[in-house]
Amino acid sequence: MSAQVRYADVVAGMLLPSATFRVTREDLVRYAGASGDFNVIHWNQRRAREVGLPDVIAHGMLTMALAARVVTDWAGDPAALVEYSVRFTRPVVVPDDDHGALVEVRAEVTQLLAARRIQVTVTATSAGEKALGQARALVLLG
Amino acid sequence: MVLDQRFVGRTYPPSAPYEVGREKIREFADAIGDPHPAYRDPQAARDLGHPDVLAPPTFPIVLTMRAGQQVVEDPELGLDYSRVVHGEQRFVYDRPVRAGDRLVAVITVESIRAAAGNEIITTRTAVSTVDDQPVVTVWSTLVARGTAASDGGR
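Computed from a predicted model, the values in this text were never measured in an experiment. (Residues numbered from 1 in each chain as written. Chains lettered and ligands numbered in written order. Predicted model: local features only at pLDDT ≥ 70, side-chain atom pairs only at ≥ 80, totals over all residues. Heavy atoms only, no water.)

Would you explain the overall build of chain B in this entry?
Looking only at helices and strands, chain B has three helices and five strands in total. Projected onto its principal axes, the C-alpha coordinates of chain B cover approximately 55 × 35 × 20 Å. Every one of the 154 residues in chain B was classed for burial, and the buried ones make up 54%. A fraction of 68% describes how many contacts in chain B between residues 6 or more apart in sequence connect residues 24 or more apart. With the model as given, the accessible surface of chain B reaches about 6,900 Å², and the carbon-plus-sulfur share is 48%. Each charge class in chain B can be summarised by its mean position, and for the 17 positive and 21 negative side chains these summaries are 1 Å apart. (Helix = DSSP H or I, 4+ residues; strand = E, 2+ residues; numbered from the N terminus. Buried < 20%, exposed > 50% of the residue type's maximum accessible area, 1.4 Å probe, protein only. Contact = heavy atoms within 4.5 Å. Areas by Shrake-Rupley, 256 points an atom, 1.4 Å probe, with all protein chains shown as cover. Lys, Arg positive; Asp, Glu negative; His and termini not counted. Charge placed at Lys NZ, Arg CZ, Asp CG, Glu CD.)

See the structure below:
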């Protein structure tokens, strides 16, 4: 593996380039098919409301995948990610329109660790609500 | 519902081998909207020092969800899946999943606890090659919402 960011060039508190991702109903259908997660709350508004949700919600794992982008795009080699964990706090609600929902992802280097590893803390918000909590990545740099 | 603590430590039979294909990886990468060339082009992956195209970091969920069905659908455990939401997720990689891998997932119930009227079950799934080389360990926490909770699901 060959992360394109060098450990020597990184300091704690450094911000990674942030990103905003749009998630539409079409994206949820595509993710359901690719992942095999066909839970109805991700594509059927009637069933989502029956279980007390405001509307169809995105797969938590899709949000987790989007949030990882900020780290892997920065590191260059996706294999630089050696550990990745999140807590799903609030659902990303995806309306039935052409705009969908926006997921804003920010990430910050929070710790320099031994053996060229760093800890990155990630935040993902949608409609002002925190979609992911305690989202952390351990990254092996070059 | 009270989940039986005796399930803690229970390991389920290994999944049938899953053969990771380049086109499945491409499909998954498209579905998460990630254009990284290492997920599609073997040469791009080799340029980064990998033998074949890589799968995105969350790809192992495709295998571990299948293994997880054994737990979720275990009638003895009696988890009420209509009340279940995904609480936490963690991946610890030995190496990335890549095209050509033949992977086996073994799931273990790691903990069962109650909090705020919810039952919380954490599983650990060890994903390795059919030759027993470790690839990734995956922790999933599912929350079975109790009657007191009115929070959303996912």
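Mind showing me how you'd approach the interface of chain B and chain A here?
How big an interface is tends to be reported as the loss of accessible area on association of its parts. Counting from both sides, the interface comprises 33 residues of chain B and, opposite them, 40 residues of chain A. When chain B packs against chain A, the two sides together hide about 3,000 Å² of surface, and 58% of this comes from carbon and sulfur. Close ionic contact of E88(B) with R87(A) constitutes a salt bridge, the shortest N to O distance being 3.2 Å. Run the count over chain B and chain A and you get 10 residue pairs in polar contact (both at pLDDT 80 or more). For the side of chain B that touches chain A, the secondary structure elements donating two or more residues are α1 (22-31), α3 (61-72) and β2 (84-93) of chain B. In the side of chain B that touches chain A, the residues fall into 15 nonpolar, nine polar and nine charged. Where strand β2 (residues 81-88) of chain A meets β2(B), five bridges bridge the pair, whose relative direction is antiparallel. Opposite R87(A), over in β2(B), you have E88(B) as the bridge partner. (Buried area = accessible area lost by both parts, 1.4 Å probe. Salt bridge = Lys/Arg side-chain N within 4 Å of Asp/Glu carboxyl O. Polar contact = N/O pair within 3.5 Å; in protein donor to acceptor, adjacent residues only side chain to side chain. Nonpolar A, V, L, I, M, F, W, Y, C, P; charged D, E, K, R; others polar. Pairing = 2+ DSSP bridges.)

Is there a simple way to explain the environment of G13(A) in this structure?
All names here are of chain A. Among the structural elements, G13 can be located in the segment before β1 (19-23). Each C-alpha atom, one on G13 and one on A107, is 9.7 Å from the other, the two residues being 94 residues apart in sequence. If we skip the residues at most four places from it in the chain, G13 touches E108 and V109.

What should I look at first to understand the nonpolar core in this one?
The tendency in soluble globular proteins is for nonpolar side chains to be buried side by side. Counting residues in hydrophobic clusters, the biggest one holds 87 residues, and the most contacted among them are W74(A), Y84(A), V120(A), V139(A), F59(B) and I121(B). Counting residues per element, this core draws most heavily on helix α3 (residues 60-75) of chain A, at 11 residues. Contacts of W74(A), omitting those with residues within four sequence positions, involve V5(A), V10(A), M14(A), L16(A), P17(A), R69(A), V109(A), I118(A) and L141(A). (Core = buried A, V, L, I, M, F, W, Y, C linked by side-chain atoms within 4.5 Å.)

Any chance you could explain the pairing of strand β5 (residues 129-140) of chain A here in plain terms?
On any regular strand, side chains alternate: one points to one face of the sheet, the next to the other face. Residues and elements named next belong to chain A. Relative to β5, β2 runs antiparallel, the two sharing six bridges. Among the inter-strand pairings, E83 is bridged to a residue of β5, identified as L138. Counting the residues that bridge the hairpin from strand β4 (residues 117-126) to β5 gives two residues, and of these A127 lies at a positive phi of roughly 50°.

Looking at this structure, I do not really get a nonpolar patch on the surface. What am I missing?
On the surface, a nonpolar cluster with roughly 330 Å² of combined accessible area is contributed by V29(A), F38(A) and W43(A). As for its placement among the helices and strands, V29(A) is situated in helix α1 (residues 25-35). (Patch = residues over 30% accessible without salt bridge, like charges linked within 9 Å, V, L, I, M, F, W, Y side chains within 5 Å.)

Mind showing me how you'd approach the side chain of T137(B) here?
Residues and elements named next belong to chain B. Topologically, T137 is positioned in strand β5 (residues 134-144). For T137, a relative accessible area of 19% translates into the label buried. Apart from the residues within four sequence positions on either side, T137 is in contact with R90, F91, V92, R124 and T125.

How do you make sense of the confidence of the model for chain B when you look at a structure like this?
Atomic detail in the predicted coordinates should be set aside for any region of low pLDDT. Residue and element names in this part refer to chain B. Averaged over every residue, the pLDDT of chain B is 92; the share at 70 or more is 94%. Note on residues 147-154: pLDDT is under 50 here. Beyond four places in sequence and across chains, it has 25 contacts. Reported for the predicted complex are a pTM of 0.94 and an ipTM of 0.96. (pLDDT = per-residue confidence, 0-100.)

Any chance you could explain the pattern of salt bridges here in plain terms?
Close approach of charged atoms lets side chains of opposite charge pair. A complete count under the given rule lists 21 salt bridges over all chains for this structure. D52(B) serves as the salt-bridge partner of R22(B), at 3.0 Å between the closest nitrogen and oxygen. Of this pair, R22(B) sits in helix α1 while D52(B) is found in the loop between α2 (42-47) and α3, placing the two residues 30 residues apart along the sequence. Where E23(B) meets R26(B), a salt bridge forms, and the shortest distance between an N and an O atom there is 2.9 Å. Of this pair, E23(B) and R26(B) both sit in helix α1, three residues apart, which is roughly one turn of the helix. Residue classification places E23(B) among the exposed residues on the basis of a relative accessible area of 52%. What makes R26(B) partly exposed here is its relative accessible area of 32%. Here the residues in one salt-bridge network are E26(A), D27(A) and R30(A), joined through shared partners.

Explain α1(A) here, please?
Think of an α-helix as turning once every 3.6 residues; residues three or four places apart then point the same way. Along α1(A), the residues that are buried comprise R25(A), L28(A), Y31(A), A32(A), A34(A) and S35(A). Where α1(A) is buried, its residues touch β1, α2 (45-50) and α3 of chain A together with α1 and α3 of chain B. Looking at the residues trailing α1(A), positive phi occurs at G36(A), about 85°.

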